[in-house]
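# Architecture and fold: a report
Read off the chains here:
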Amino acid sequence: MIPKPVDWEKYIPQGSDRWRWQKAVCELFEERKIWAKESLAERLRDGGLKFRESMLKRLLCGVAYYFLNGPFRRFWIKKGYDPRKDPESRIYQNIDFRVHHELRSYCESRVSSGLQHRWDDICAFRVFPYKCQISLQLCELKDDYIQQEIRKPSKEEACNSATGWFSFHTLDCLRRCIDVRFMSVCPHPRAESLLNSMSTRFEKSKRMHTYVKVARPEEQEKVNKEAENNEVDELAENHEVDEPDDLEDYEDEFEDDNVEEEMDAYESPDHAVQEGDISLPDDPHTNHDNVSRDYLQELFGNFPFSTAGVDEVQDDQSLGEYEIYDQYNDDSYSEDEDY
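Residues numbered from 1 in each chain as written. Predicted model: local features only at pLDDT ≥ 70, side-chain atom pairs only at ≥ 80, totals over all residues. Heavy atoms only, no water.

- Per an unreviewed UniProt entry, the protein is named Transcription factor IIIC subunit 5 HTH domain-containing protein, and its organism is Datura stramonium.

Okay, here's the thing in structure tokens:
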């Protein structure tokens, strides 16, 4: 069950800082129905809106939700919109980039030094990521080949829980293109030789993709199996088979170097609020004692609670299950929190 929109304007006094911030977030979701958190946070900062991570999570929960798994995992989705039923949502899908094991020490040293890149620079392939594994949104990647491929009409009849609205081979080509683009800007001495290897694999993947388009069904299945086996071999070579899915967020700290580390609810539904545990301190910018309580009651009243606080959603048009996360626990934030 997809969470329904909430009429937040009924509960937040117009003219307050909270109202202005919530309005700005809502306008971004009018511009685009699905956002990566890093991109959305950077847009808000660039617009002069600076507040703590805890407030950002509250504002997002007022207008959006996200899946814990599937092709749109970790991205905030406008309430009322189900990307699994809209083939046009394919351009907003998630795609991961993992740094080759030979370069991980380089990335880890940069992360430990506190260095960070602008998200826009990462998506434009102007810099090499410092995180060993990041989650990117296809529509934000500034590459002609990628944009050309994701805007081709989807031939998939339903949204697959693993590959979304794309075929396995299309995603394989996109991943290899990303590898090549990032490796081309990597300053590490090993980057050049790795770039040559990755470029060769990218060209091979494109040829296989072209062949699959015209092959008979039984030939397509054979090529699919070969491509999957090749990917497993490369992951093993890259020391990434059976590793934990360590998709850490870039920290968006909104003018606060000591901000509390963000609760990583994307990785586990155990962080969800249990029914009856909803508690939100009054907003210090308003004199409305009941604003936050009533707001959360409507916010969480639009869909049923499961025992873990997270709904497992199964759509008969899709393969597999999607878990939806639409809540977070505010008990850890005190009433005198500095926004």
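## Remarks on the pattern of salt bridges
- Taken as a whole, this structure holds 18 salt bridges when the rule is applied.
- Residue Asp-46 pairs with Arg-118 through a salt bridge whose shortest N-O separation is 3.1 Å. Here the residue Asp-46 occupies a position in helix α2 (residues 37-46), and Arg-118 occupies one in the loop between α4 (104-112) and α5 (119-123), the gap between them amounting to 72 residues.
- The class of Arg-118 is partly exposed, set by a relative accessible area of 39%.
- Between Arg-181 and Asp-143 there is a salt bridge whose closest N-O contact spans 2.6 Å. Remark: Asp-143 occurs in the loop between β5 (133-137) and α6 (144-150) and Arg-181 occurs in helix α7 (residues 168-183); sequence separation between them is 38 residues. (Salt bridge = Lys/Arg side-chain N within 4 Å of Asp/Glu carboxyl O. Helix = DSSP H or I, 4+ residues; strand = E, 2+ residues; numbered from the N terminus. Buried < 20%, exposed > 50% of the residue type's maximum accessible area, 1.4 Å probe, protein only.)

## Some details on the environment of Gln-93
- Locating Gln-93 in the fold gives a position in the loop between β3 (75-78) and β4 (94-98).
- Expressed as a C-alpha distance, the spacing of Gln-93 and Thr-163, which sit 70 residues apart in the sequence, is 8.9 Å.
- Setting aside its immediate chain neighbours within four residues, Gln-93 contacts Pro-71, Phe-72, Phe-75, Leu-136, Gln-137, Leu-138, Thr-163, Gly-164, Trp-165 and Phe-166.
- A polar atom in the side chain of Gln-93 sits 2.7 Å from the backbone nitrogen of Trp-165. (Contact = heavy atoms within 4.5 Å. Polar contact = N/O pair within 3.5 Å; in protein donor to acceptor, adjacent residues only side chain to side chain.)

## Observations concerning the nonpolar core
- Ranked by size, the top nonpolar core spans 50 residues in total, and within it Phe-128, Leu-136, Leu-141, Ile-146 and Ile-178 carry the most contacts.
- A per-element tally of this core places α7 first, with eight residues.
- Once you skip the residues sitting within four places of it in the chain, Leu-136 turns out to touch Phe-75, Gln-93, Asn-94, Ile-95, Phe-97, Trp-119, Ile-122, Leu-141, Ile-178 and Phe-182. (Core = buried A, V, L, I, M, F, W, Y, C linked by side-chain atoms within 4.5 Å.)

## Here we look at the packing of α2 against helix α3 (residues 53-61)
- Their axes nearest at 12 Å, the elements α2 and α3 cross at an angle of 110 degrees. The pairing of α2 with α3 is recorded here as roughly perpendicular in orientation. Of α3, the residues touching α2 (which contributes Lys-37, Leu-40, Ala-41 and Leu-44) are Glu-53, Leu-56 and Leu-60.
- Here the contact of α2 with α3 is composed, by residue class, of five nonpolar, no polar and two charged. (Axes fitted to C-alpha atoms, helices over the stretch in contact; angles between N-to-C directions. Parallel < 35°, antiparallel > 145°, perpendicular 65-115°, else oblique. Nonpolar A, V, L, I, M, F, W, Y, C, P; charged D, E, K, R; others polar.)

## Some words on the packing of aromatic side chains
- Per the counting criterion, the structure on display carries nine aromatic pairs.
- Pairing Trp-21 with Phe-51 gives two aromatic rings, centres 5.0 Å apart and planes at 45 degrees, and the pair type is tilted. In this pair, Trp-21 is assigned in helix α1 (residues 17-31) and Phe-51 in the loop between α2 and α3, connecting sequence segments 30 residues apart.
- Taking the relative accessible area as the measure of exposure, Trp-21 reaches 5% and is therefore buried.
- Taking the relative accessible area as the measure of exposure, Phe-51 reaches 1% and is therefore buried.
- When the centroid spacing of 4.6 Å and the interplanar angle of 80 degrees are considered together, the rings of Tyr-66 and Trp-76 count as edge-to-face. Separated by 10 residues along the polypeptide, Tyr-66 in strand β2 (residues 64-67) and Trp-76 in strand β3 bring together distant segments of the chain.
- Using a relative accessible area of 6% as the deciding quantity, one classes Trp-76 as buried. (Phe/Tyr/Trp six-rings, centres within 6.5 Å; stacked < 30°, edge-to-face > 60°.)

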